[in-house]
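What follows is the residue order along each chain.
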Amino acid sequence: MENVAENCLHLRGLGAVPGSRFQCPVCNVYLDLEGVEQWVWAAEKSRDEAYSVVESDEFVQILCEEWQQEVYRRRKVLYELRNVPHVAIARPEMILISYDIAEEAYECRIFYKEPRPVWGTDRIRVEAALDAVLALRSHPDPNVRLASSKAEEFHNLRLRLVEQNTPPPSRRVFYQNEF
Ligand SMILES: [Zn+2]
């Protein structure tokens, strides 16, 4: 995972996630605006190094051009992200957690009051195991963290009922007054 993030060029750009952060959809790394600036500088540095090669041949020239294109591409991503408005994080209205028996996973659906916020995560899936659920506690999106705490509650309830030989429910709705 770390290696993917290290080597990834974020070729599909970076998407805004709540908390003024940006995520690569390929390697899933999170960057703040400073991180994106450093990513642009890294390309500028590589380009300058390519240009500073004394014995320039055709290969070096192609390399220079490629890095120049990469600099332009990264700058464009940076300029677009600078213009993303800082939208307040919307609070969900309701969270529905369903247990998927076939895949042993929880499907969490997050519902918002209309209009639906642009950045609102509306669906997450997590393995039906406590450590997988708890791992979402450090997620940058507060609504994902909220959904994970409800998944944890649901998971504990199911375990308790199984221990008591009672069939556990396969879904549970949490309303705003339970958040
Ligand atoms: Zn990436």
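Computed from a predicted structure; not experimentally measured.

> What's the story with the pairing of strand β5 (residues 105-111) in this structure? I'm lost.
Regular strands show a simple pattern: their side chains alternate between the two faces of the sheet. Side chains Y106, C108 and I110 project from β5 onto a buried face, and the interleaved A105, E107, R109 and F111 project onto a face without burial. Sheet topology note: the strand β4 (residues 94-100)/β5 ladder contains 7 bridges and is antiparallel. Paired with I95 across the bridge in β5 is I110. Two successive antiparallel strands, β4 and β5, enclose a turn made up of 4 residues, where E104 displays a positive phi of approximately 45°. Alignment of β5 against strand β6 (residues 123-127), held across 5 bridges, turns out to be antiparallel. Counterpart to Y106 in the pairing with β6 is V126.

> How should the environment of A147 be read in this particular structure?
Of note, A147 is situated in helix α5 (residues 142-163). By C-beta crowding, A147 is classed as buried, having 28 other C-beta atoms within 10 Å. It is 9.4 Å that separates the C-alpha atoms of A147 and V133, two residues lying 14 residues apart in sequence. Contact partners of A147, with chain neighbours within four places excluded, come to I95, C108, I110 and I124.

Scoring rules and cut-offs
Residues numbered from 1 in each chain as written. Predicted model: local features only at pLDDT ≥ 70, side-chain atom pairs only at ≥ 80, totals over all residues. Buried ≥ 20, exposed ≤ 12 C-beta atoms within 10 Å, placed from the backbone. Helix = DSSP H or I, 4+ residues; strand = E, 2+ residues; numbered from the N terminus. Pairing = 2+ DSSP bridges. Contact = placed C-beta atoms within 7 Å.

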